[in-house]
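Breakdown of the fold
Residues per chain, in single letters:
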Amino acid sequence: MKAVVVVFPGTNREMDAAAALQRATGRKPGIVWHRDTELPAGTDLVLLPGGFSYGDYLRCGAMAALSPVMRAVKAHAERGGAVLGICNGFQVLCETGLLPGALLRNASLKFVCKDVFLRVEETQSLFTRGYRQGQIIRVPTAHGDGNYFADEATLDRLEGEGRVAFRYVTADGRTVPEANVNGAARNISGILSGNRRVLGMMPHPEDHTDPLQGCTDGLPMFTAMAEALA
Amino acid sequence: MTGAHGKRPVDQALAREFGLTAEEWGKVQAILGRAPSLTELGIFSVMWSEHCSYKSSRVWLKTLPTKAPWVIQGPGENAGVIDIGDGQAAIFKMESHNHPSFIEPYQGAATGVGGILRDVFTMGARPIANLNALRFGDPAHPRTRRLVAGVVAGIGGYGNCVGVPTVGGEVNFHPAYNGNPLVNAMTVGLAPADRIFYSAAAGIGNPVVYVGSRTGRDGIHGATMASAEFGADSEEKRPTVQVGDPFTEKLLIEACLELMATDAIVAIQDMGAAGLTSSSVEMAGKGGVGIELELDAVPQRETGMTAYEMMLSESQERMLMILKPGAEAKARAVFEKWELDFAVIGHLTDTGRIVIRHQGKVEADIPLAPLSDEAPLYRRPTAETPKRPVLAPGAVAAPMGTAEALMQLIGSPDLCSRRWIYEQYDHLVMGETIKRPAAADAAIVRLPRPDGSGSGPKGLAMTTDVTPRYCLADPVEGGKQAVAEAWRNITATGARPLAITDNMNFGNPEKPEIMGQFAGCIQGMAAACTALDFPVVSGNVSLYNETEGRAILPTPAIGGVGVIADVAKARGLALPGAGFELVLIGAPVGWLGCSLWLREIAGREEGAPPPVDLAAERRNGELVRALIAEGLVGACHDIADGGLLVALAEMAIAGGVGARLVVPAGAEALPEHALWFGEEQGRYVLALAPAPTVTALARAKALGIPAARLGQTGGDALTLPGGASISVESLRRTHEAWLPAYMSQAE
């Protein structure tokens, strides 16, 4: 798998993402700069990492969506290329229109950094095929704007097409408001594109890929991608 | 426009408003041989302010131990530097932003984080962790809740955006901070030991370069504000608080580190307090050279700024660099890549003077040597704090049972869970946080390998500590205890403590009793630093922390840093499961004076604080560290605020497992409440498997270290020797309840 990590001014989890990719593939990913107008030849996976691109002073991800590199990322996705957007990367994917909906301010109005439990709702994708259907995984969140919003028709369509990848649940798998760390519609924490090759999610599986980080529940996502795109 | 003071004559009255005494005003005129211009008066007043000159504290700070074989740079630079092996250096410092945070909590705290980050990356380090030490007033005070909310949001808002994990800290509440909260921020960075950048300017003719954000009128005279007591009009000082831009700071970090990888930079310093003035004066002064600045070239955010305003502005996210000749184009390209302003604003000269030109006119021309050499230096009178009587273990009767007292303590403002705070800080970004907030006595962050091939196994342990109520009762013992507790917290993880940064927060030094507190704390700290081989490598002094004549508790906050060879061996405080033996290291004596039990349960703040036996401290700690290194220990927690039973409860809550406790041998004669809630120093609780327990007890005995069995882990309750039992779940709920409940109440 040839993976690249995109760096915008203000991106800050590129090292976390690169380390997780390296753990899964044994190789360092390439780094692509926001002003680059094309991706390296042969790119299989584009990872849009967490952070505060352009300071997120306008609307999270809005400025990054207009950057030169995103034209190339969009073309890559339209060719069927794989794209993973985590946290700010998910916000960028929604602003770009590669995924539907938007990420609003957390219902608590506060930034929240803690481990959450996700239920794997969909294993039919190159990102989630390493998990069992309904498996509960523990991964960290760290965001102020992760409250997923879309209109009811869009939400119904996402559910109907099996494009809800992850939902916030309790440790024992209940989909209840207490488990919903940011107030997201229907406890949704990650969604897939129509062709299932673009995933956006708020939590950080990359920060749970090493036993010394306290948990390795995020690692199967990276190893699954590496196998699928080998 | 000529600025706020443009029409005023520059005379003694204006000098007094700028914080200069009559004697200091006389000295300014003598140095110049004439009356100063407005810009010159501004420069003298900030450079001679308490904040920049340390005029009241310098004589005492000089007595602190600052050397060890592993110290690369002690106090006097932007931050301290220590050698952590493998060609790597840790660079760190703690700094206060107390006054701005009181006036405008969000921006005050945010810019405090920004400032300390710059102090660290200006020396060539990538910041890898932030910590803080916060003190707020009485929770019942009408202002406290808003200050907590604003300060926590500000620290998070800045640190989360720059992408440096906030991994640790401490918080106290006490009425003495009602009008004067403390916000002390610490940054730890990592650099190659042979690539440290310093601030001394060199090379006559070399260009002086300004990078970062543009200069505006914000924060003018902030350093002077930080050097005065608060009065009822402090609200009106809001415009002198700066506004932070963490996004620009992130770009500045990346741009500076990118340029530092080349050989373009001769010297570099951030523009912190007193902005362009302190950076240019200090850089040229340290290098023994002169400096000429052309203010027309300074990137400006507002129109019509005067020389006075530009020299005194504390606009954030700015740095001053001296470049090698001919390096301008290379440097400019890096800063343009990161979309930051870059301007050559002057050059170094051989005149030994600072000359400021603006719009074709010389606005300031000051000899640098007297500006620093003749800066005021005061040996202010000190009054020793009277000794308090020692409270015997049985002197105060217990008004309630042990179980009830434990529940009340574990849910009290000073001992309850800090989750509501640390969950607003991104403590995981960078992916190397091995021990998160509340998981261990010190945070552990794993380090990248020097060859770039990944990370680990080495890591840094970091903590912030001080017990201000001890410092008030006995400054010398309190100063010792602050350093010893930082050392102990690092030791309890298995790491080796290396050095500290100190953030000295005190009241008005012109009052002998306050200066006596300062001197006493320094003496105690010095004794502990020496005994524990734990030198001071950087620090900051914040005086005049008084509002309407009432001083804060003396608060010498200590930031400690240690190293651990293999982070996989670091221990946390959570009980690892059932079937472990609990062992107390250190002698129980039932010291209730100044304890939280005395304050929270008996409603009394009195007695002498627990003394620190530094030889025992070192002996006990070295045994604990050795046992952890040998892999014999399952969990370890130091015994601090609240005493032994609070430590055990914290271990049980974190591990989600209970324990059946016994009275440790040697403590049979102590009153129950004195045994469980006494705060005697130099002690730890260990959880070990049965076989290692035998080894540990034998080793302690051989070394003459008091060690005794405390019970066994298991079940879902903490059961006291008398049979009283408290469920771990109810402890957890009480521990977690107070802060979120308090913060959700309406104003």
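For the structure itself, consult the block above.
Bear in mind the structure is a predicted one, so any value in this text is a computation, not a measurement. (Residues numbered from 1 in each chain as written. Chains lettered and ligands numbered in written order. Predicted model: local features only at pLDDT ≥ 70, side-chain atom pairs only at ≥ 80, totals over all residues. Heavy atoms only, no water.)

Summing up its helical and strand segments, chain B has 25 helices and 28 strands in all. For chain B, the C-alpha radius of gyration of 26 Å lies close to 27 Å, the compact-globule estimate for 747 residues. For chain B, the spread of C-alpha atoms along the three principal axes comes to 85 × 55 × 45 Å. Buried positions account for 66% of the 747 residues belonging to chain B. Summarising the internal contacts of chain B: among those between residues at least 6 apart in sequence, 85% fall at separations of at least 24. Total accessible area computed for chain B in this model is approximately 23,500 Å², and 54% of it derives from carbon and sulfur atoms. (Helix = DSSP H or I, 4+ residues; strand = E, 2+ residues; numbered from the N terminus. Rg over C-alpha atoms; globule rule 2.2 N^0.38 Å. Buried < 20%, exposed > 50% of the residue type's maximum accessible area, 1.4 Å probe, protein only. Contact = heavy atoms within 4.5 Å. Areas by Shrake-Rupley, 256 points an atom, 1.4 Å probe, with all protein chains shown as cover.)

Right, let's get into the sheet that holds strand β3 (residues 45-48) of chain A. Note on sheets: strands pair through backbone hydrogen bonds, and any given pair is parallel or antiparallel. Residue and element names in this part refer to chain A. One open sheet holds the nine strands; their spatial order is β2-β1-β3-β4-β11-β10-β9-β6-β7, and the pairing between them is mixed. Two strands lie at the open edges of the sheet, namely β2 (30-33) and β7 (136-143), each paired on one side alone. Sheet twist, expressed as the average angle between the axes of neighbouring strands with direction ignored, equals 25 degrees. Sheet topology note: the strand β10 (residues 188-192)/strand β11 (residues 198-201) ladder contains three bridges and is antiparallel. Its bridge partner being in β11, leucine 192 is matched across the sheet by leucine 199. The strands that helix α6 (residues 219-228) touches are β3, β4 (82-86), β9 (164-169) and β11; relative to β4, the one it contacts most, it runs at about 165 degrees. (Pairing = 2+ DSSP bridges. Axes fitted to C-alpha atoms, helices over the stretch in contact; angles between N-to-C directions.)

All names here are of chain B. Overall, the coordinates contain twelve aromatic pairs over all chains when judged by the stated rule. Consider the rings of phenylalanine 335 and phenylalanine 342, whose centres lie 6.1 Å apart with planes at 40 degrees: the pair is tilted. Note on tryptophan 738 and tyrosine 742: the rings are 4.7 Å apart at their centroids and 10 degrees apart in plane angle, and the pair reads as stacked. With tryptophan 738 and tyrosine 742 both in helix α25 (residues 728-744) and four residues apart, the pair spans about one turn of that helix. As far as burial versus exposure is concerned, tryptophan 738 and tyrosine 742 are alike and both buried. Three or more aromatic residues link up through ring pairs in this structure, and these residues are Phe136, Phe173, Trp738 and Tyr742. Looking at lysine 27, its charged tip hangs above the ring of tryptophan 48, at a distance of 5.9 Å from the centre. (Phe/Tyr/Trp six-rings, centres within 6.5 Å; stacked < 30°, edge-to-face > 60°. Lys NZ or Arg CZ within 6 Å of the ring centre and 35° of its normal.)

Using the criterion set out here, one finds 59 salt bridges over all chains in the structure. Notably, a salt bridge pairs Asp218(B) with Arg301(B), separated by 3.3 Å at the nearest N-O pair. Of this pair, Asp218(B) sits in the loop between β7 (207-212) and α9 (222-225) while Arg301(B) sits in the loop between β9 (290-294) and α12 (307-312); the two residues are 83 residues apart in sequence, bridging distant segments of the chain. What makes Arg301(B) partly exposed here is its relative accessible area of 46%. Note that Glu258(B) is salt-bridged to Lys337(B), the shortest N-O span being 3.0 Å. Note that Glu258(B) is positioned in helix α10 (residues 246-260) and Lys337(B) in helix α13 (residues 328-337), a separation of 79 residues in sequence. Where salt bridges share partners, they join Arg119(A), Glu121(A), Glu152(A), Asp156(A), Glu159(A), Arg167(A) and Arg186(A) into one cluster. (Salt bridge = Lys/Arg side-chain N within 4 Å of Asp/Glu carboxyl O.)

Our focus in this paragraph is the pairing of strand β25 (residues 684-688) of chain B. Residues and elements named next belong to chain B. The element β25 is largely enclosed, with a buried count of five among its five residues. In β25, alternate side chains face the same way, and those of Tyr684, Leu686 and Leu688 on one face and Val685 and Ala687 on the other are all buried. As paired elements, strand β23 (residues 633-638) and β25 share five bridges and run antiparallel to each other. Among the inter-strand pairings, aspartate 638 is bridged to a residue of β25, identified as tyrosine 684.

What follows is about the interface of chain A and chain B. With 30 residues of chain A at the interface, the matching set in chain B holds 30 residues. Carbon and sulfur atoms supply 55% of the area that chain A and chain B bury against each other, a total of about 2,500 Å² over both sides. Of all residues in chain A, Phe111(A), Cys113(A) and Leu212(A) bury the most surface against chain B, accounting for 23% of the area lost on that side. Where chain A meets chain B, there are four salt bridges. The closest approach of N and O atoms between Glu339(B) and Arg35(A), which form a salt bridge, is 2.8 Å. Between chain A and chain B we count 14 residue pairs in polar contact (both at pLDDT 80 or more) in total. Broken down by secondary-structure element, the contributors of at least two residues to the side of chain A that touches chain B are α1 (14-25), β6 (112-120) and β7 of chain A. (Buried area = accessible area lost by both parts, 1.4 Å probe. Polar contact = N/O pair within 3.5 Å; in protein donor to acceptor, adjacent residues only side chain to side chain.)

Residue and element names in this part refer to chain B. As for its placement among the helices and strands, aspartate 11 is situated in the segment before α1 (12-17). Residue class for aspartate 11 comes out partly exposed when judged on its relative accessible area of 28%. A C-alpha to C-alpha distance of 44 Å links aspartate 11 and glycine 156, two positions 145 residues apart in sequence. Here the side chain of aspartate 11 touches leucine 14 through a polar contact of 3.0 Å, landing on its backbone nitrogen.

Okay, the side chain of Asn184(B) next. Residues and elements named next belong to chain B. Along the chain, the position of asparagine 184 falls in strand β6 (residues 182-192). Side chain to side chain, asparagine 184 and asparagine 98 meet in a polar contact 3.3 Å long. Of note is the side chain of asparagine 184, whose polar atom sits 2.7 Å from the side chain of asparagine 505. Once residues within four sequence positions are removed from consideration, asparagine 184 is found in contact with Met94, Glu95, Ser96, Asn98, Leu131, Asn132, Ala133, Leu134, Asn503, Asn505 and Ala557.

This part takes up unusual backbone geometry. Residue and element names in this part refer to chain B. Here the residue pair glycine 456 and proline 457 is connected by a cis peptide bond, since its omega of 0 degrees sits within 30 degrees of zero. With respect to the helices, strands and loops of the structure, proline 457 is situated in strand β16 (residues 455-465). Phi is positive for aspartate 86, close to 55 degrees, though the residue is something other than glycine. Tracing the backbone shows aspartate 86 in the loop between β2 (80-83) and β3 (88-96).

The subject of this paragraph is helix α3 (residues 68-78) of chain A. Residues and elements named next belong to chain A. Considered for burial, the residues of α3 that qualify are Val69, Met70, Ala72, Val73, His76 and Ala77. Burial along α3 is one-sided: seen end-on, the buried residues are contained in an arc of 155 degrees. Opposite the buried face of α3, by more than 90 degrees, sit the exposed residues Arg71 and Glu78. Of the residues trailing α3, glycine 80 is marked for its positive phi of about 95 degrees. (Arc of directions from axis to C-beta.)

Proteins that are soluble and globular tend to have nonpolar side chains buried together. Grouped together as the largest cluster of nonpolar side chains are 95 residues, with contacts concentrated most on Leu45(A), Leu84(A), Phe127(A), Tyr148(A), Met221(A), Leu323(B) and Phe335(B). Top element by residues in this core is α10(B). It accounts for nine residues. In contact with Met221(A), not counting residues within four places along its chain, are Leu84(A), Phe127(A), Tyr131(A), Phe166(A), Leu199(A), Met201(A) and Pro205(A). (Core = buried A, V, L, I, M, F, W, Y, C linked by side-chain atoms within 4.5 Å.)

Attention now moves to the sheet that holds strand β8 (residues 265-270) of chain B. Residue and element names in this part refer to chain B. An order of β8-β10-β7-β11-β9-β12-β13 is seen for the seven strands of this open sheet, with the pairing classed as mixed. The sheet is open, and its two borders are formed by β8 and β13 (361-367), each paired with just one other strand. Strand-to-strand, the axes of this sheet are offset by a mean angle of 20 degrees, without reference to chain direction. Pairing of β8 with strand β10 (residues 318-323), which is carried by five bridges, proceeds in the antiparallel orientation. What sits directly across from isoleucine 268, in β10, is methionine 321.

Our focus in this paragraph is the environment of Gly55(A). As for its placement among the helices and strands, Gly55(A) is situated in the loop between β3 and α2 (62-65). Residues Gly55(A) and Arg186(A), 131 residues apart in the sequence, show an inter-C-alpha distance of 29 Å. Dropping the residues within four chain positions of it, Gly55(A) is found in contact with Pro9(A) and Phe247(B).

Moving on: the side chain of Asn545(B). Residue and element names in this part refer to chain B. Looking at the secondary structure, you find asparagine 545 in the loop between β18 (536-542) and β19 (546-547). Under the relative-accessibility criterion, asparagine 545 is labelled buried at 0%. At 3.0 Å, the side chain of asparagine 545 forms a polar contact with the side chain of asparagine 180. A distance of 3.0 Å separates a polar atom in the side chain of asparagine 545 from the backbone oxygen of phenylalanine 506. Those residues in contact with asparagine 545 that lie beyond four places of it in its chain are Asn98, His99, Asn180, Leu182, Asn505, Phe506, Gly507, Arg550, Ala551 and Ile552.

For the rest of this paragraph, the subject is the pairing of strand β21 (residues 555-564) of chain B. Residues and elements named next belong to chain B. Within β21, ten of the ten residues are buried, which leaves it mostly tucked inside the rest of the structure. The side-chain alternation of β21 yields two buried faces, one formed by Thr555, Ala557, Gly559, Val561 and Val563 and the other by Pro556, Ile558, Gly560, Gly562 and Ile564. Two strands pair when backbone bridges link them, and β16 and β21 are joined in this way by seven bridges, in the antiparallel orientation. Following the sheet pairing, aspartate 465 is matched in β21 by isoleucine 558. Pairing of strand β17 (residues 496-505) with β21 involves nine bridges; the strand directions are antiparallel. Of the residues in β21, the one forming a bridge with proline 497 is glycine 562.

By themselves these figures say nothing about function.
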